[in-house]
Amino acid sequence: MHKSFSTLEDLFSYIKEDKEWQGVNSGQHNRYPIRFVLFDNFADFIEFVVNRPDGIFKYPLDSLLEREYPDTFVTYSALAQEIKSLVTRLPANDFVVFPFSEMARFYQPKEFESLIKSIRLKQPPEDSQSEHIRLYIPIVGMQNKMSAFFGDNQTFVWEYKGHSYQGQYKLIITDGTTFGVAGLERDYSIVHDLAEWLKLWAKGEDVKTNIICSSKTIFDNAHYAQPDNAFTYPKFNLFGDVSVVGQAVAGQSGGGCVLQIWIFLKGASW
């Protein structure tokens, strides 16, 4: 069940209308409480989370990662189980669950499809249904993958098409290193593992347009993210056993060597 919105005010108004839904299809609205909310860009997603209606609690997913293994994916089945547990939790509360797409975009296509199918029809207890509980799951830049569910009358997919589009982020991925180059933080947001990647989007503030990510886990799974409306992934050419992403450009800034785009990858192809 797909519905589009052109302003956040309209989206927030419909959240209230949906929460109080009466009459035709009210049973279905309350039996299936998960609402997937699609965004073209992170600016709109962040504004949605910050300005969400009263009574919707934040549930950040970065806490799911084990502290001892900050670069190990939560499996799609474990993520599904965590979300389903929120549906059945008592006392019942409304939640916005994030950053969901920033982990789910790197699952294999069949895993992503299984994740959505697993959580979309999870039913809360009858008492919670009578309270009209809702779980809002923002998904950024994955309209193509979610379009498979647009025609499903039991899956609530809301798409916000706003006017604050700021262009895609450039995600520069390395296989576990930034090559010891100092000063990258001036021009890039730097993340070293999956935990830092999720915290970057859970916080959502001051993220630079260019991001360098040295997570080996994201490196190994980045090809599953395509097609992706939120990020561009620099292409690379193969030179023998070494792959080069983008272009190596060294310059002088304050007496130091600044790496603008200089990423070497091991024999990957995507």
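Residues numbered from 1 in each chain as written. Predicted model: local features only at pLDDT ≥ 70, side-chain atom pairs only at ≥ 80, totals over all residues. Heavy atoms only, no water.

Focus on the packing of aromatic side chains
Here the structure, examined in full by the defined rule, presents 23 aromatic pairs. Ring geometry for Phe42 versus Trp201: centroids 3.9 Å apart, planes at 20 degrees, classification stacked. Linking Phe42 in helix H3 (residues 42-50) with Trp201 in helix H9 (residues 194-203), this pair joins segments that are 159 residues apart in sequence. By relative accessible area, Phe42 is classed as buried at 0%. Summarising the aromatic geometry, the rings of Trp201 and Phe231 are spaced 5.9 Å apart at their centres and angled 70 degrees between planes, so their arrangement reads as edge-to-face. With Trp201 in helix H9 and Phe231 in strand E10 (residues 231-232), this pair connects stretches of sequence that are 30 residues apart. (Phe/Tyr/Trp six-rings, centres within 6.5 Å; stacked < 30°, edge-to-face > 60°. Helix = DSSP H or I, 4+ residues; strand = E, 2+ residues; numbered from the N terminus. Buried < 20%, exposed > 50% of the residue type's maximum accessible area, 1.4 Å probe, protein only.)

Details of the sheet that holds strand E8 (residues 189-191)
Across the sheet, which stays open at both edges, the four strands sit in the order E8-E9-E7-E10 with parallel pairing between neighbours. If you trace the sheet from one side to the other, it starts and ends with E8 and E10, each paired once. Contacts between H9 and the sheet are confined to strand E7 (169-173), E8, strand E9 (210-213) and E10, with E8 contributing the most and set at about 140 degrees to the helix. (Pairing = 2+ DSSP bridges. Contact = heavy atoms within 4.5 Å. Axes fitted to C-alpha atoms, helices over the stretch in contact; angles between N-to-C directions.)

Quick word on unusual backbone geometry
Cis geometry marks the peptide bond from Phe98 to Pro99, where omega comes out at -10 degrees. Mapped onto the elements of the fold, Pro99 is located in the loop between strand E4 (94-98) and helix H5 (101-104). Cis geometry is adopted by the peptide bond preceding Pro227, which originates at Gln226 and carries an omega value of -5 degrees. Its location among the elements puts Pro227 in the loop between helix H10 (216-221) and E10. Notably, His132 is not glycine yet its phi reads approximately 60 degrees, a positive angle. Relative to the helices and strands, His132 resides in the loop between helix H7 (126-130) and strand E5 (135-140).

A closer look at the environment of Glu196
Turning to its location among the elements, Glu196 is positioned in helix H9. Look past the residues within four positions of Glu196 in its chain and what remains in contact with it is Ile190 and Val191.

Examining helix H4 (residues 76-88)
In an α-helix, one full turn covers 3.6 residues, which means residues spaced three or four apart are oriented alike. Counted at 1.5 Å a residue, the expected span for H4 with its 13 residues is 18 Å, and the 19 Å between its end C-alpha atoms agrees. Every buried residue belonging to H4 is among Leu79, Ala80, Ile83, Lys84, Leu86 and Val87, and all of these are buried. Seen end-on, H4 carries its buried residues on one side only, within an arc spanning 150 degrees. If you follow the buried residues of H4, they end up packed against strand E2 (34-39), strand E3 (56-60), E4, H5, helix H6 (109-120) and E5. (Expected span 1.5 Å × (residues − 1). Arc of directions from axis to C-beta.)

Considering the nonpolar core
Membership of the largest hydrophobic core comes to 73 residues, with the highest contact counts inside it found for Phe48, Phe100, Trp197, Ile211 and Phe231. A per-element tally of this core places H9 first, with six residues. Those residues in contact with Phe231 that lie beyond four places of it in its chain are Phe42, Arg105, Gln168, Tyr169, Leu171, Trp197, Trp201 and Ile211. Formed by six residues, the second largest nonpolar core is a distinct cluster that contains Ile172, Val181, Leu184 and Ile190. (Core = buried A, V, L, I, M, F, W, Y, C linked by side-chain atoms within 4.5 Å.)

Fair warning: the whole summary comes from geometry, so function is off the table for now.
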